[in-house]
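# Examining the three-dimensional arrangement
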Amino acid sequence: MIEELKEYLRIDGSEDDVILTLLLDAAKEYLSNAGVLESESKLYKLAVLLYVTLHYENRDPSQKMDKLNFALQSIILQLKEWGEEE
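Reading the values: rules and limits
- Along each chain, the written sequence defines residue order, and numbers are assigned to residues from 1.
- Residues qualify for local features only when their pLDDT is at least 70, as the model is predicted, and side-chain atom pairs are given and counted only at 80 or more; totals for whole chains, interfaces and linings, by contrast, use all residues.
- Only hydrogens and water are set aside when side-chain values are computed; all heavy atoms of the structure are taken into account.
- A run of H or I in DSSP counts as a helix once it spans at least four residues, and a run of E counts as a strand once it spans at least two, with each numbered from the N terminus.
- When accessible area is computed with a 1.4 Å probe and restricted to protein chains, residues below 20% of their type maximum are described as buried, those above 50% as exposed, and intermediate ones as partly exposed.
- Each accessible area is a Shrake-Rupley estimate made with a 1.4 Å probe; only the visible protein chains count as cover when residues are assessed.
- Whenever two N or O atoms come within 3.5 Å, that pair is a polar contact, provided that in protein one can donate a hydrogen and the other can accept it, and provided that, for residues adjacent in sequence, both atoms are side-chain atoms.
- Each helix should span, by expectation, one fewer than its residue count multiplied by 1.5 Å.
- Taking the helix axis as origin, the arc is that swept by the directions to the C-beta atoms.

## Description of the overall build of the protein chain
Scanning the protein chain from N- to C-terminus turns up four helices and zero strands. Listing the helices and strands of the protein chain from first to last along the sequence gives α-α-α-α. Within the protein chain, the proportion of its 86 residues that are buried is 30%. Taken as a whole, the protein chain presents about 6,000 Å² of accessible surface, with 51% of it coming from carbon and sulfur.

Structure below.
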């Protein structure tokens with residue numbers, strides 16, 4: 001998944017691999033804590049990508065991140081509803 005992240009973020013090289021791995025693990029933990037089970041669904045992968053993007057590109061805590069955060073929350077709600085139906 002790290003290569004998908006790098007492609008999504010348009011990152012060449014490996015100098016940020018440590019931070020990307022940390023953010024990838026944090027994204028999965030965040031989703032799990034939100035009640036979303038890890039899956040192979042494209043929506044789950046998008047949620048991970050959005051979480052990583054949100055935190056990778058906005059490392060300054062004073063910046064507003066409302067639009068991406070809203071998109072992530074919307075996906076989480078869909079994934080939770082989908083998971084409950086199974």
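## Considering the side chain of S41
Assignment of secondary structure puts S41 in the loop between helix 2 (17–33) and helix 3 (42–57). Looking at S41, the relative accessible area reads 18%, which means it is buried. A distance of 2.9 Å separates the side chain of S41 from the backbone nitrogen of Y44, its partner in a polar contact.

## Remarks on helix 3
For helix 3, which comprises 16 residues, the first-to-last C-alpha distance of 22 Å matches the rise-based estimate of 22 Å (1.5 Å per residue) to within 8%. Those residues of helix 3 lying buried are Y44, A47, V48, L49, L50, Y51, V52, T53, L54 and Y56.

## Considering helix 2
With 17 residues, helix 2 extends 24 Å from end C-alpha to end C-alpha; this agrees with the ideal 24 Å at 1.5 Å per step. For helix 2, the complete set of buried residues consists of L20, L23, L24, A27 and L31. Along helix 2, the residues classed as buried sweep out an arc of 105° about the axis, all on the same side. Opposite the buried face of helix 2, at more than 90 degrees from it, the exposed residues are V18, L22, E29 and N33. Taken from the residues just after helix 2, G35 is the one with a positive phi, measuring 90°.

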